[in-house]
Amino acid sequence: MTEALQRTALHAPPPATAPEASVARPLIRIEDVSLTYGRGERKVQALSRTSLDVPNGDFVALVGPSGCGKSTILKIVAQLLSPSEGHVFVAGREIGAVDIRIGMAFQNPTLLPWLSIRDNVMLPLKISQPFRSDWRRKKNGEYRDRADALLAKVGLGGFAGHYPWQLSGGMQQRASLCRALVHEPTLLLLDEPFGALDQFTREELWDVLQALWMEQKPTVLLVTHDLRESAYLANRIVVMSARPGRIIVDETVDYQRPRSIETTFRSDFVELNHRLRSLIFEARAAGSGAIPAGVAA
Ligand SMILES: Nc1ncnc2c1ncn2[C@@H]1O[C@H](COP(=O)(O)OP(=O)(O)O)[C@@H](O)[C@H]1O
Ligand SMILES: [Mg+2]
């Protein structure tokens, strides 16, 4: 058992008597969720009794071995999948019963090639309420200005009229972040959004995302395999075990914002990264859902 595991606060629910327990209702509550893909011989249990509370405005990074169910969690929260067992609540009500505004971005920018960058960014305003009702009236005014302002913020001011294929991968990912945020979502789901970019571009985009987050303060679930990225961006890092995934460590990261690349060279930042790395190695080695020694089930 490592000291790190002993020291890490384990996702302990607040005592029932704490006054905050009833007041601070999490925006997202994942409660004992299991998910199995396929049937019979092809059955794969991706998640096993996973629980996670995400308060409003939290920036949570989900890290863990490949295949442990990180993307599955995002898909459940986005209502693209239903859990086989357990419950997911949004603002205290069963998911599906509440309309929540969600923004998403993935490793692949998934911009539509036949639309200009501006039109790609405006897409959520065209398809989601309450914006959709005003689409015809505002698409050449307020909505267009909103898209252009966001594009300017991420350094794409001159590219609104360009098409995705005219932009580099890093620029496309900037545009995809704008699209994820243009409708001011309550919840931002990011699945390895910088995973395909080179190191320098990735670090530039950390700053872009941090600045956008500090302005809008959406609740964020960020899946990443880059530990520096998780510690740079998040205020909480949640580590998952190997498949079937469950949460084994929940660590607070309280560096002041805005964080900078300089922050990543600090000794405590480096130490945090080492600690997380060894936790993930142990989780991988434990495999098949076994919990590393010292971590409460
Ligand atoms: N549609 C699917 N059908 C069958 N198995 C799947 C499907 N999607 C994911 N899986 C499996 O479920 C496990 C968890 O997947 P995923 O959530 O994508 O992992 P992660 O994002 O942590 O790498 C993996 O073993 C993966 O192969
Ligand atoms: Mg994934």
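Data block above holds the structure.
An account of the accompanying structure is given in this report. Here the structure is a predicted model, which means the values were calculated and not measured.

**Quick notes on the sheet that holds strand S3 (residues 59-63)**
Judged by pairing direction, the sheet is mixed, and its six strands sit side by side in the order S6-S7-S8-S3-S9-S10 without closing on themselves. Lying at the two open borders of the sheet, with one neighbouring strand each, are strand S6 (102-106) and strand S10 (247-252). Each strand axis lies, on average, 15° off the axis of its neighbour in the sheet, ignoring direction. Looking at chain direction, strand S7 (residues 187-191) and strand S8 (residues 219-223) are connected through five bridges and run parallel. Paired with Leu 188 across the bridge in S8 is Val 220.

**Notes on empty space enclosed by the protein**
Applying the stated criterion to the full structure yields one cavity of 30 Å³ or more. A volume near 40 Å³ is recorded for the largest cavity. Looking at the largest cavity, the residues that line it are Glu 192, Phe 194, Gly 195, Arg 202, Thr 224, His 225, Asp 226 and Glu 229. Across the lining of the largest cavity, the residue classes break down as one nonpolar, three polar and four charged.

**What to know about the site of ligand 1**
What surrounds ligand 1 is the set Tyr 37, Val 44, Ala 46, Ser 66, Gly 67, Cys 68, Gly 69, Lys 70, Ser 71, Thr 72 and Arg 243. Interatomic distance of 2.5 Å between a side-chain N/O atom of Thr 72 and an oxygen atom of ligand 1. The contact in question runs from an oxygen atom of ligand 1 to an N or O atom on the side chain of Arg 243, over 3.0 Å. Burial of ligand 1 by the surrounding chains reaches 63%, relative to a free accessible area of 570 Å². In terms of residue count, helix H3 (residues 70-77) provides more of the shell around ligand 1 than any other element does, three residues in total. Of the residues in the shell around ligand 1, the class split is four nonpolar, five polar and two charged.

**So, the pairing of strand S4 (residues 85-90)**
Sheet topology places strand S1 (residues 28-37) next to S4; five bridges connect them, and they run antiparallel. Each bridged residue has a counterpart across the sheet, and for Glu 31 the counterpart in S4 is His 87. Direction of pairing for S4 relative to strand S5 (residues 93-94): antiparallel, over a ladder of two bridges. Paired with Phe 89 across the two strands is Glu 94, which belongs to S5. In this structure, the hairpin formed by S4 and S5 is closed by a connection of two residues, where Ala 91 is found at a positive phi of approximately 45°.

**Comments concerning the packing of helix H7 (residues 169-181) against helix H8 (residues 199-216)**
Axis separation between H7 and H8 bottoms out at 11 Å; the angle between their running directions is 15°. The orientation of H7 relative to H8 falls into the category roughly parallel. Between H7 and H8 lies a crossing whose hand is right-handed. Residues Gly 170, Gln 173, Arg 174, Leu 177 and Leu 181 of H7 form the contact with H8, whose own contacting residues are Thr 201, Glu 204, Leu 205, Val 208, Leu 209, Leu 212 and Gln 216. The residue makeup of the contact of H7 with H8, split by class, is six nonpolar, four polar and two charged.

**A short note on unusual backbone geometry**
A negative phi holds for most residues other than glycine; trans holds for most peptide bonds. Of note, the amide linkage connecting Arg 243 to Pro 244 takes the cis form, showing an omega dihedral of -5°. Its place among the elements puts Pro 244 in the loop between strand S9 (236-240) and S10. Here the bond from Arg 257 into Pro 258 is cis, since omega is -5°, no more than 30 degrees from zero. Mapped onto the fold, Pro 258 is located in the loop between S10 and helix H10 (267-286).

The rules behind each value
- What you see as residue numbers is a count from 1 along each chain, following the sequence as written.
- All chains are assigned letters beginning with A, and all ligands numbers beginning with 1, in the order in which they are written.
- Since the coordinates come from a predicted model, pLDDT governs what is reported: local features require at least 70, and pairs of side-chain atoms require 80 or more to be given and counted, while whole-chain, interface and lining totals use all residues.
- Excluded from the side-chain calculation are hydrogens and water; included are all heavy atoms of the structure.
- Any two strands are treated as partners once DSSP identifies two or more bridges connecting them.
- Helical segments are the DSSP runs of H or I of at least four residues, strand segments are the runs of E of at least two, and each set is numbered from the N terminus.
- Only the stretch in contact is used when fitting a helix axis, every axis being a line fitted to C-alpha atoms; angles between N-to-C directions are given from 0 to 180 degrees.
- Of the grid points, spaced at 1 Å and generated over the protein atoms alone, those admitting a 1.4 Å probe that cannot get out make up cavities, while open sets with protein on both sides within 12 Å along at least five of seven lines make up pockets; any residue with an atom within 4 Å of a point is treated as lining.
- Grid points are joined across faces, edges and corners, and a volume is the space filled by probe spheres set on the points.
- Throughout, the ten residues Ala, Val, Leu, Ile, Met, Phe, Trp, Tyr, Cys and Pro are labelled nonpolar, Asp, Glu, Lys and Arg are labelled charged, and all others, Gly among them, are labelled polar.
- Residues are counted as near a molecule or strand when any one of their heavy atoms sits within 4 Å of it.
- Polar contacts, as counted here, are pairs of nitrogen or oxygen atoms within 3.5 Å of one another; within protein the pair requires one atom able to donate a hydrogen and one able to accept it, and residues that are adjacent in sequence qualify only if both atoms are side-chain atoms.
- Note that accessible areas follow from Shrake-Rupley with a 1.4 Å probe, and for residues the cover is restricted to the protein chains shown.
- Small angles under 35 degrees read as roughly parallel and large ones over 145 as roughly antiparallel, with 65 to 115 read as roughly perpendicular and the rest as oblique.
- Left-handed describes a crossing whose near helix is turned anticlockwise from the far helix by less than a right angle; the clockwise case is right-handed.
- Between two residues, a contact is recorded if the distance between any of their heavy atoms is within 4.5 Å.

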